[in-house]
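Okay, here's what each chain looks like letter by letter:
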Amino acid sequence: MRNIWIIASREYKLYFSSPVAYMIAFVLLLVLGIFFFLNLQVAAFQPGFVPGVEVFLAPLATMLVMITPAVTTRLLAEEKRLGTIELLLTAPVRDWELVIGKWLGGFLFLLTIVAITIIFPLMLNQLVKPGIDQGPVISGYIGIILLCAALVGIGVAISSLFSNPIAAFVTTLGVFIFLWWILDPITRVMGPAGSGIDLIRYLNFSDHFFANLFRGVIELGDIIFYLSVTALSLFLGTVSVEMGRWR
Amino acid sequence: MIRVEGLTKDYGPHRAIDDLTFNAEEGEILGFLGPNGAGKTTTMRILCGYMPPTLGKAEVSGYDVVDQSLEVRRRVGYMPETVPLYPDMTVFDYLKYMADLRHLKNVEDRVDGVIEKMNLEKRASSFISSLSKGLRQRVGLAQAIIHDPEVLILDEPTIGLDPAQIIEVRNLIRELGREHIVLLSTHILSEAQQVCNRVIIINNGKIVAGDTPERLQARLTGARHVSVQVGGDSDGLEEVLNNIPGITHISTNVDGNIVFETVPGQEPRPEVAKTIVSAGYDLLEMRPVGISLENVFLQLTRDEPSHPESPEDEPIEDEEGVEQEGN
Ligand SMILES: Nc1ncnc2c1ncn2[C@@H]1O[C@H](COP(=O)(O)OP(=O)(O)OP(=O)(O)O)[C@@H](O)[C@H]1O
Ligand SMILES: [Mg+2]
């Protein structure tokens, strides 16, 4: 446990000593801000339209899918590139502690950025009379946190496969785009029945977010999905680090 | 204490080390000597719990490197060949991180301690990316000794340093060798000779020899080399000497001196002197020459056993004893 925390806190602090982290945070908040104010403009001209949390939760989820590769790519690939992985693998640290520590560092960093976005529901709550519906805010943020956990988990696992951070970045982004955007139309085209299709449908990353959590409904199945993806990724990441010792 | 038995490591079909067996005891500085690709790094990585061997057993301080890997890693300090460091951390933060991972008490004091020991005080708050190679090497060493390990494994600790820093690092290793078992690898023979109590020569994954540097030289050279200088022309001298029993491998070196080997256990020199004088040559000098460890090394690591062509002219200080290596 202690090792996990030591590794996580180094990673977490390191994000703030690099300009990339600030750029990621800046871009995210900028894009969300633009969406937010555009929606307010629309609301001002369209009397029937009352903006809710969805006006920033949907772009937030999408932006997270795009920025997480930049957050996770470094975690293990950079250690392999620098050779410092040799120090960690000869320190009295278990392989799974290393992988979970890396994951936790990236996850906490992402959560920090997500925490800043709380200003949007707060502002909205002030602007909309008599205040916004709290349910979708809570369930939406639970969804966002779960999504972050799963994305960072996949990112760490992919990072462990590469010794070139750029290659890790491109691969992670590709996998995320597939899980988030490409699976969705595939499942729609495929129609309802069949066991293989069910699996593909189950893997549809965006559906687990948009179907329920986004609408204020907390389904155990969606929570289990994101947690399973996280756990499986961390397990595979550990196996990959372990196998790296044999090479 | 290090115990290695039958250690073998395959990378796919390629056998990097083959059936290595050796020990190291407290207070020993053991040198691992071998050409590129001999298997030094592979052996060291196995010993510090980085990778498991394909076959064989290795124990460090009584713990098995595979089954009790964490216990081994707690007791080993390791500096990899490439001295990997985090360029975006300061020296202090980096050392503190490594100390934290080892759960040391009074971490800050420990870090300050090694920083002082390695003479890094002035650079403690510099980013590692701004350090010179020599300074990085010292940071790497600081990291390896921060937890006062029982066993210190240093992979080519002086490579890439300037001569002054090499001397500095060697002194440091000698000092560390008093309290730790040190296993270091090198392809510089004189380094092994100066720093180590014992040297293991490894080639193509196999141990070809292992002994103290002095005994290694003496044992492996076996025969003694003698150089003879005569005034004027030495033509025909080789043939004259050829008839003397107890000498072999007569040759003329670049300086025109005649060099020969004595058969172990025989003392043909008085006879040689008499023969030269009675053949009408002016005998100016006859002295034993050392075969340098370099030659021993080349001889041992050559695939087929052969003979050094021209032993270096290096004076032996006393007639009977083992010669000292100069460089
Ligand atoms: N990761 C690896 N994958 C495949 N082969 C490897 C790997 N690491 C080392 N080898 C091979 O194993 C052999 C031993 O390598 P090793 O690095 O142990 O040699 P070394 O004695 O440390 O050499 P050097 O003096 O160049 O550092 C070499 O033939 C090398 O090519
Ligand atoms: Mg090596």
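What this report covers is the structure whose coordinates are included nearby.

Now for unusual backbone geometry. Residues and elements named next belong to chain B. One non-glycine residue, Ser 61, lies in positive phi territory at about 50°. On the secondary structure map, Ser 61 appears in the loop between strand 4 (55-60) and strand 5 (63-64). For Ser 61, a relative accessible area of 17% corresponds to the buried category. Its identity is not glycine, yet Asp 148 carries a phi of approximately 50°, on the positive side.

Attention shifts here to the sheet that holds strand 5 of chain B. Residue and element names in this part refer to chain B. Taken in spatial order, the four strands line up as 2-1-4-5 in an open sheet, and their pairing is antiparallel. Either end of the sheet is taken by a strand with one partner, and the two such strands are strand 2 (14-24) and strand 5. In this sheet, strand 5 lies alongside strand 4 in antiparallel orientation, the contact comprising two bridges. Paired with Val 60 across the strands is Tyr 63, a residue of strand 5.

Not every one of the 15 residues close to ligand 1 is listed here, only the nearest: Gly 37, Lys 40, Thr 41, Thr 42 and Glu 81 of chain B. At the site occupied by ligand 1, nearby residues are drawn from chains A and B. The separation between a nitrogen atom of ligand 1 and a polar side-chain atom of Tyr 11 of chain B is 3.4 Å. Between an oxygen atom of ligand 1 and a side-chain N or O atom of Thr 41 of chain B, the distance comes to 2.6 Å. Taken by itself ligand 1 offers 630 Å² of open surface, and the protein chains cover 67% of this. Those elements that provide at least two residues to the shell around ligand 1 are strand 2 and helix 1 (40-47) of chain B. Residues of the shell around ligand 1, tallied by class, amount to four nonpolar, seven polar and four charged.

As a further point, take the coordination of the magnesium ion (ligand 2). Coordination of the magnesium ion (ligand 2) by the protein is provided by Thr 41 of chain B (OG1) and Glu 81 of chain B (OE), with metal-donor distances spanning 1.8 to 2.6 Å. Of the two residues, Thr 41 of chain B sits in helix 1 while Glu 81 of chain B sits in the loop between strand 6 (76-79) and helix 3 (91-101), which places them 40 residues apart along the sequence.

This brings us to the pairing of strand 6 of chain B. Residues and elements named next belong to chain B. The alternating pattern of strand 6 places Val 76 and Tyr 78 on one face and Gly 77 and Met 79 on the opposite face, and all of these are buried. Sheet topology places strand 6 next to strand 7 (residues 151-155); four bridges connect them, and they run parallel. Each residue of the ladder has a partner; that of Gly 77, found in strand 7, is Leu 152.

All names here are of chain A. Relative orientation of the contacting elements helix 6 (residues 95-116) and helix 8 (residues 134-159) amounts to 140°, with a least axis distance of 9 Å. Of the possible angle classes, the one that applies to helix 6 and helix 8 is oblique. Relative to helix 8, helix 6 is oriented so that their crossing is right-handed. Of helix 8, the residues touching helix 6 (which contributes Val 99, Lys 102, Trp 103, Gly 106, Phe 107, Leu 110, Leu 111 and Val 114) are Tyr 141, Ile 144, Ile 145, Cys 148, Ala 149, Val 152, Gly 153 and Val 156. Split by residue class, the contact of helix 6 with helix 8 holds 13 nonpolar, two polar and one charged.

Moving on, we get to the pattern of salt bridges. For the structure shown, the criterion picks out 22 salt bridges over all chains. The partner of Arg 74 of chain A in a salt bridge is Glu 11 of chain A, with the nearest N and O atoms 2.3 Å apart. Here Glu 11 of chain A lies in helix 1 (residues 2-16) and Arg 74 of chain A lies in helix 4 (residues 74-82), a separation of 63 residues in the sequence. Like Glu 11 of chain A, Arg 74 of chain A is buried. Across the pair Arg 15 of chain B and Asp 18 of chain B runs a salt bridge whose closest N-O atoms are separated by 3.7 Å. Among the ionic contacts, a cluster of salt bridges with common partners joins Arg 10, Glu 11, Arg 74, Glu 79 and Lys 102 of chain A.

The next subject is the pairing of strand 10 (residues 206-211) of chain B. All names here are of chain B. Relative to strand 10, strand 9 (residues 198-203) runs antiparallel, the two sharing five bridges. Following the sheet pairing, Ile 200 is matched in strand 10 by Gly 210. Following strand 9, the chain reverses through two residues before pairing antiparallel with strand 10; Asn 204 in that reversal takes a positive phi of roughly 50°.

The biggest cluster of nonpolar side chains holds 150 residues, and the ones touching the most others in it are Phe 205 of chain A together with Tyr 94 and Leu 95 of chain B. The element contributing the most residues to this core is helix 8 of chain A, with 13 residues. Listed in part, the 13 residues of the second largest apolar core include Val 228, Val 230, Ile 258 and Tyr 281 of chain B.

Conventions and cut-offs
- Residues numbered from 1 in each chain as written.
- Chains lettered and ligands numbered in written order.
- Predicted model: local features only at pLDDT ≥ 70, side-chain atom pairs only at ≥ 80, totals over all residues.
- Heavy atoms only, no water.
- Helix = DSSP H or I, 4+ residues; strand = E, 2+ residues; numbered from the N terminus.
- Buried < 20%, exposed > 50% of the residue type's maximum accessible area, 1.4 Å probe, protein only.
- Pairing = 2+ DSSP bridges.
- Near = heavy atom within 4 Å.
- Polar contact = N/O pair within 3.5 Å; in protein donor to acceptor, adjacent residues only side chain to side chain.
- Areas by Shrake-Rupley, 256 points an atom, 1.4 Å probe, with all protein chains shown as cover.
- Nonpolar A, V, L, I, M, F, W, Y, C, P; charged D, E, K, R; others polar.
- Donors = N, O, S within 2.8 Å, 3.2 Å for Na, K, Ca; no water.
- Axes fitted to C-alpha atoms, helices over the stretch in contact; angles between N-to-C directions.
- Parallel < 35°, antiparallel > 145°, perpendicular 65-115°, else oblique.
- Left-handed = near helix turned anticlockwise from the far one by under 90°.
- Contact = heavy atoms within 4.5 Å.
- Salt bridge = Lys/Arg side-chain N within 4 Å of Asp/Glu carboxyl O.
- Core = buried A, V, L, I, M, F, W, Y, C linked by side-chain atoms within 4.5 Å.

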